[in-house]
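Reading the structure
Now for the letters of each chain:
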There are 4 protein chains.
Amino acid sequence: MSHAPRTDGSTHTAVLADDGGTRQLKYAFLGPVGTFTETALLQVPEAAAAQRIPASNAAVALDMVRSGEVDGAMLPIENSIEGGVSATLDAIATGMELRILREAVVPVTFVLVAQEGVELGDIRKVGTHPHAWAQTRTWAQENLPRAEHVPTNSTAAAAHELLGDHPGYQAAICAPIVAEQTGLKVLARGIEDNSGAVTRFVLVGRPGPLPAPTGADKTTVSIPLPEDRPGALMQILDQFASRGVNLSRIESRPTGQSLGNYFFSIDAEGHASEARVADALAGLHRISSNLRFLGSYPRADAQQSAIEPHNSDAAFQAAHRWVDQVITK
Amino acid sequence: MSHAPRTDGSTHTAVLADDGGTRQLKYAFLGPVGTFTETALLQVPEAAAAQRIPASNAAVALDMVRSGEVDGAMLPIENSIEGGVSATLDAIATGMELRILREAVVPVTFVLVAQEGVELGDIRKVGTHPHAWAQTRTWAQENLPRAEHVPTNSTAAAAHELLGDHPGYQAAICAPIVAEQTGLKVLARGIEDNSGAVTRFVLVGRPGPLPAPTGADKTTVSIPLPEDRPGALMQILDQFASRGVNLSRIESRPTGQSLGNYFFSIDAEGHASEARVADALAGLHRISSNLRFLGSYPRADAQQSAIEPHNSDAAFQAAHRWVDQVITK
Amino acid sequence: MSHAPRTDGSTHTAVLADDGGTRQLKYAFLGPVGTFTETALLQVPEAAAAQRIPASNAAVALDMVRSGEVDGAMLPIENSIEGGVSATLDAIATGMELRILREAVVPVTFVLVAQEGVELGDIRKVGTHPHAWAQTRTWAQENLPRAEHVPTNSTAAAAHELLGDHPGYQAAICAPIVAEQTGLKVLARGIEDNSGAVTRFVLVGRPGPLPAPTGADKTTVSIPLPEDRPGALMQILDQFASRGVNLSRIESRPTGQSLGNYFFSIDAEGHASEARVADALAGLHRISSNLRFLGSYPRADAQQSAIEPHNSDAAFQAAHRWVDQVITK
Amino acid sequence: MSHAPRTDGSTHTAVLADDGGTRQLKYAFLGPVGTFTETALLQVPEAAAAQRIPASNAAVALDMVRSGEVDGAMLPIENSIEGGVSATLDAIATGMELRILREAVVPVTFVLVAQEGVELGDIRKVGTHPHAWAQTRTWAQENLPRAEHVPTNSTAAAAHELLGDHPGYQAAICAPIVAEQTGLKVLARGIEDNSGAVTRFVLVGRPGPLPAPTGADKTTVSIPLPEDRPGALMQILDQFASRGVNLSRIESRPTGQSLGNYFFSIDAEGHASEARVADALAGLHRISSNLRFLGSYPRADAQQSAIEPHNSDAAFQAAHRWVDQVITK
């Protein structure tokens, strides 16, 4: 007997397995262990007791979802400083269809760590992921003006290398959790340029019933820009605006075909089962039939959208009843 | 046993009556006999053998339709020189709902008639309807520079008064058909300022099944302008434009409440049973729920509208199928 | 020595004449004496002591302005019940350019008058202008259900005919002022269907310096709808909307060429010397270069428009300074 | 005596120096030597004989421009596969104002290089920049399925490390030019996933007279999205659309303040000295007065824009003359 993965965000740590017993849930995340992504995954109630599997990149994590190897994958999608995470945006917009099941927002704060005995003045090279380096530029220029950046695959990897035999640098920039996990000495805390920076993550699963609408939801779509019609982006935005659907994120991404060939990754306020969002989606499909629906899911901030009366479900239903009656009477 | 009026434009001259027999069809028209409106009514195949009843004004004619006294009423709605016919526009936009069943376009051409023996030089006063006077200003200023206008209720009435004992003028301006009917002498033909002027008429009936779509149809609506939202007219127009629905007529009319309080009478290309028109109507209902649907009916000129692929019925159906599948999967 | 007409609304009753003396101001108005139009003209401070000349129609009055025979003409342009006054709209939109110098709003109220001795029950026919008849339909249907309407050229003319030998009717509907002037007996007062109805009039003069902006002004334009571009009306409206310029009147009028060929007569809030209005006018000129500017003048209601900061004169000036500096630096 | 830098794209290799002699032009580029950016810089006629200085990142290169240390800096701004280059977009949108002086488009093609004697089967790790790795995924998965990626700061650096004592990998992915410069063995050519991929570069200088319009130009702006007005992005796009100005690139970037806080980096067709572009810039300034003008410069593809008559310089001039005449007459 086969069972669909749980995609409703409820607090389960095991699913009914094919043999009639239960099996532990499994989630992939952008590894290695100790990144902010793992912190985001731990916000999912089911994840604490689930098996958490680090993946080397977004494409790998999503292929594990597609193949059924894991029940979901947690990936960064947007950073308040660095912007959209291209690898995630591109990986969910192509290949077998997937669905975003929930979002998580994690504050971004960094520490500078080193082996015991190393002081600031000793540091010539600093290992960290380029994004972390970008987000600590000001602190580094003031406190480590001559230090060179050694790029690593993750902030956690940068810290772990310090524990090895011949680290390529004297200090690492990483998340606070990694300092705890490794026992490395913290030379400085809160070294990020923009305190208040956050990263937004999404939990991605296979298509299935949508999470139930909560009144405070988001809908994510990926929409190729039709080439042959001028003003196409305005037409796309108008599908939302004319139904009173606000956008909370819009990101242009190249399709990879040529310069000027885009798709837009958009987060809209509302749930696809709400009439104004469904109507906007139908309008988008007419303009750009290759758009991809990437899910409707609760907002991390649980903030309700204000809906004008003429954009309410009731207004849409009344309008359709009226048209039906007009045509068939 | 009661029967709905025939509204499909087919060639019937009688309907099944309550006593099981048949009764003759009856049509009202803006009288008197001999106006362009009667000419328009005679374009309706069923009208030749039907009973034709002149009405003194649009409101009276429509009340005859509403009460069931007649099966339809032919009324002028728009003149290429004088513009919208306010009395008709206002009378169909209020009161019990009605439907436009078909349209007719009649060329507007005038003759100057008089009793035998009267010459141009004898004419001091000319009787005619103010609209006809307005449409023959240039000819009259050149040929009858000192003649005074005596307003009459219709061009036909103007001519008929010449046959009476003490006509208040020496000549009348009327339609050619009236010259024939009365035997009055034609002093000048084609005296209209704008040759090529036409008047458009509509045949109005009670609500019922819409005339079947022909691929070359019009839909008429009357839409109160919501007061409390700036840009409301643009929002209304956008409901059509965003679905590729062209407008062939737009007329503002006061609601009668105060200056600046309007409704718009609009003819759109297409039939309410076509998806792009139905979707535009639904959008309009949300913005202005007191709008009034006044009918979908074949265009007099039988000109097909060009429909872009993304506004076709097929595109709308595909879009709705896609949204349904996205929500329920 | 020649002098331009006074167009600034100041209280002058005479202008310096060519011979060095002064001459009395002259104003035409849509006659005859005793219409609401004369009441409107009397609202103009200069008009009380000026010579007031009744004109038989709008075209005649405007030709007197154009020829210099009068200093201005007062004409009805809009009625809260009947809508735009086509004759005025068309007459100012064609021919030699003119300018609206001020507006006046007059309440529309009617009385039923007759000769001494005539009672309601005696009335078989009622003389009045068709507009007045249209605006007293309800009262007439209730109180004079069998009375027939005899159209006259004006409500005042209807009353004056009752003083003659063989009036064609027993009673007339006219303005209260005419009852006073004629001494006819008032059978009923306030018989208009919509109490609160008003007519708006405009004082039209020759082009010259615009009346100074007051902060509560209107600008009137007449804009042919370009045929060859779909969505042209939306483009026209957008020129106003995108600069935050509200419209207080919009009226479609046929150009007279063919059905579907329109110009729009529009009143916009603001003065052409204000940057947002000037910029909108420039945008309109690009789209429809045959548009006609018909004047900027104080609003009768003296109501100030709310202007968003980004549409203020300061914002426009700052924007142009910035662009100039960007281009030339 | 001080001199402004040459910013007109003319073929000069030296400028008049402060001591009355001449000095050699200097250009920074995103280093190291051998990247596509140097290839782009070599497309600038003046650059061949100029001093070319590699910079470690976009911010450093632009600071060299700002300080006057160099006359310009060549930086990647957009890649047809990977999208906008965030570091460049952010660095030119903040800090002291700069100007884009010209653009260059360079085809992106990669080779796999190694030391003599190394074969495909020997490769366990591949060094290259993450962007290059991203652009050769398909080839690598097919031909080096087990190879691990070692991130480097540039593709050229990856190749140069192979010449050292203890390279951290057996092969590198780099530009063809680097294979020539280093003499490394080419194991595979044209290994990029998307043949036809290109990167677009911009030459950035200090503000000064704009390059003369050529009829085939681009204008780049960076526009913060006003937070407090819904539909602000549509308003921004409408400033271009309503003047017939097409966009060739639009990129959203976070302002760094919070999620949902964006600026848009936009390339529009046309030159700021053309009326339709200048008018759009003025409109943008009113909506978002902190926008940043980043230059008008010739298009690399020299493709002329089609300009509708109503958006031509002549139409703008005629419109402004008309408005001036209307106001002042």
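Look a little higher up for the structure.
This text gives an overview of the structure that appears in the document.

The rules behind these values
Residues numbered from 1 in each chain as written. Chains lettered and ligands numbered in written order. Predicted model: local features only at pLDDT ≥ 70, side-chain atom pairs only at ≥ 80, totals over all residues. Helix = DSSP H or I, 4+ residues; strand = E, 2+ residues; numbered from the N terminus. Contact = placed C-beta atoms within 7 Å. Axes fitted to C-alpha atoms, helices over the stretch in contact; angles between N-to-C directions. Parallel < 35°, antiparallel > 145°, perpendicular 65-115°, else oblique. Nonpolar A, V, L, I, M, F, W, Y, C, P; charged D, E, K, R; others polar. Pairing = 2+ DSSP bridges. Least-squares fit on C-alpha atoms with pLDDT ≥ 70 in both. Buried ≥ 20, exposed ≤ 12 C-beta atoms within 10 Å, placed from the backbone. Expected span 1.5 Å × (residues − 1).

What follows is about the overall build of chain A. The secondary structure content of chain A amounts to 10 helices and 17 strands. If one aligns the C-alpha atoms of chain A with their principal axes, the spans along those axes are about 85 × 55 × 35 Å. Looking at chain A alone, contacts between residues at least 24 apart form 74% of all its contacts between residues at least 6 apart.

All names here are of chain B. At their nearest, the axes of helix H9 (residues 275-287) and helix H10 (residues 313-328) sit 8 Å apart, and the two run at 60 degrees to each other. On the basis of their axis angle, the class for H9 and H10 is oblique. Contacts between H9 and H10 involve Ala275, Arg276 and Asp279 from the former and Asp313, Phe316 and Gln317 from the latter. Classifying every residue of the contact of H9 with H10 gives two nonpolar, one polar and three charged.

This brings us to the sheet that holds strand E15 (residues 247-254) of chain D. All names here are of chain D. If you walk across this open sheet you meet the four strands as E15-E16-E14-E17, and the pairing is antiparallel. One side of each edge strand has no neighbouring strand; the edge strands of this open sheet are E15 and strand E17 (292-298). Sheet twist, expressed as the average angle between the axes of neighbouring strands with direction ignored, equals 15 degrees. Note that E15 and strand E16 (residues 262-269) share seven bridges and pair antiparallel. Paired with Arg253 across the strands is Phe263, a residue of E16.

Under the fitted operation, chain D is carried onto chain A by 0.1 Å of movement along the axis and a turn of 180 degrees, and the coordinates agree to an RMSD of 0.1 Å. A rotation of that kind, with that shift, is consistent with a two-fold axis. Most of the interface of chain D is mirrored in chain A: 97% of its interface residues are interface residues there too.

Further remarks concern the sheet that holds strand E14 (residues 217-224) of chain B. Residue and element names in this part refer to chain B. What the four strands build is an open sheet, ordered E15-E16-E14-E17; its pairing is antiparallel. Whereas interior strands pair on both sides, the edge strands pair on one side only; in this sheet they are strand E15 (247-254) and strand E17 (292-298). Each adjacent strand pair in this sheet contributes to an overall mean axis angle of 15 degrees, direction not counted.

In this section: the relation of the copies chain D and chain C. Turning chain D through 180 degrees and shifting it by 0.0 Å along the axis lays it on chain C, with an RMSD of 0.0 Å. With an isologous cut-off of 70% or more, the 100% of interface residues of chain D that recur at the interface of chain C puts this contact in the isologous class.

Let us now look at unusual backbone geometry. Residues and elements named next belong to chain A. Phi at Ala302 takes a positive value of approximately 55 degrees, unusual for a residue other than glycine. With respect to the helices, strands and loops of the structure, Ala302 is situated in the loop between strand E17 (292-298) and helix H10 (313-328). By the C-beta count within 10 Å, which is 10 here, Ala302 ends up exposed.

Along an α-helix, residues three or four positions apart point the same way, because every turn accommodates 3.6 residues. With 13 residues, H9(B) extends 19 Å from end C-alpha to end C-alpha; this agrees with the ideal 18 Å at 1.5 Å per step. Among the residues making up H9(B), those that are buried are Arg276(B), Val277(B), Ala278(B), Asp279(B), Ala280(B), Leu281(B), Ala282(B), Gly283(B), Leu284(B), His285(B), Arg286(B) and Ile287(B). Those residues of H9(B) that are buried lie in contact with H10 of chain A together with E14, helix H8 (232-241), strand E16 (262-269), E17 and H10 of chain B.

In this section: the interface of chain D and chain C. Each side of the interface is counted separately: chain D has 26 residues, and chain C has 26 residues. Counting only elements with at least two residues in the side of chain D that touches chain C, the list comes to helix H9 (275-287) and helix H10 (313-328) of chain D. At nine residues, the largest contribution of residues to the side of chain D that touches chain C is made by H10(D). A breakdown of the residues in the side of chain D that touches chain C according to their chemical character gives 16 nonpolar, seven polar and three charged.

The subject of this paragraph is the arrangement of the chains. Left apart from each other, chain A and chain C have a closest C-alpha approach of 14 Å. Between chain B and chain D there is no contact; the minimum C-alpha to C-alpha separation amounts to 14 Å.

Residues and elements named next belong to chain A. Along the chain, Ala157 falls in helix H6 (residues 155-162). Sequence-wise, Ala157 and Leu42 are 115 residues apart; in three dimensions their C-alpha atoms are separated by 19 Å. Other than its neighbours up to four places away in sequence, Ala157 contacts Pro32 and Thr152.

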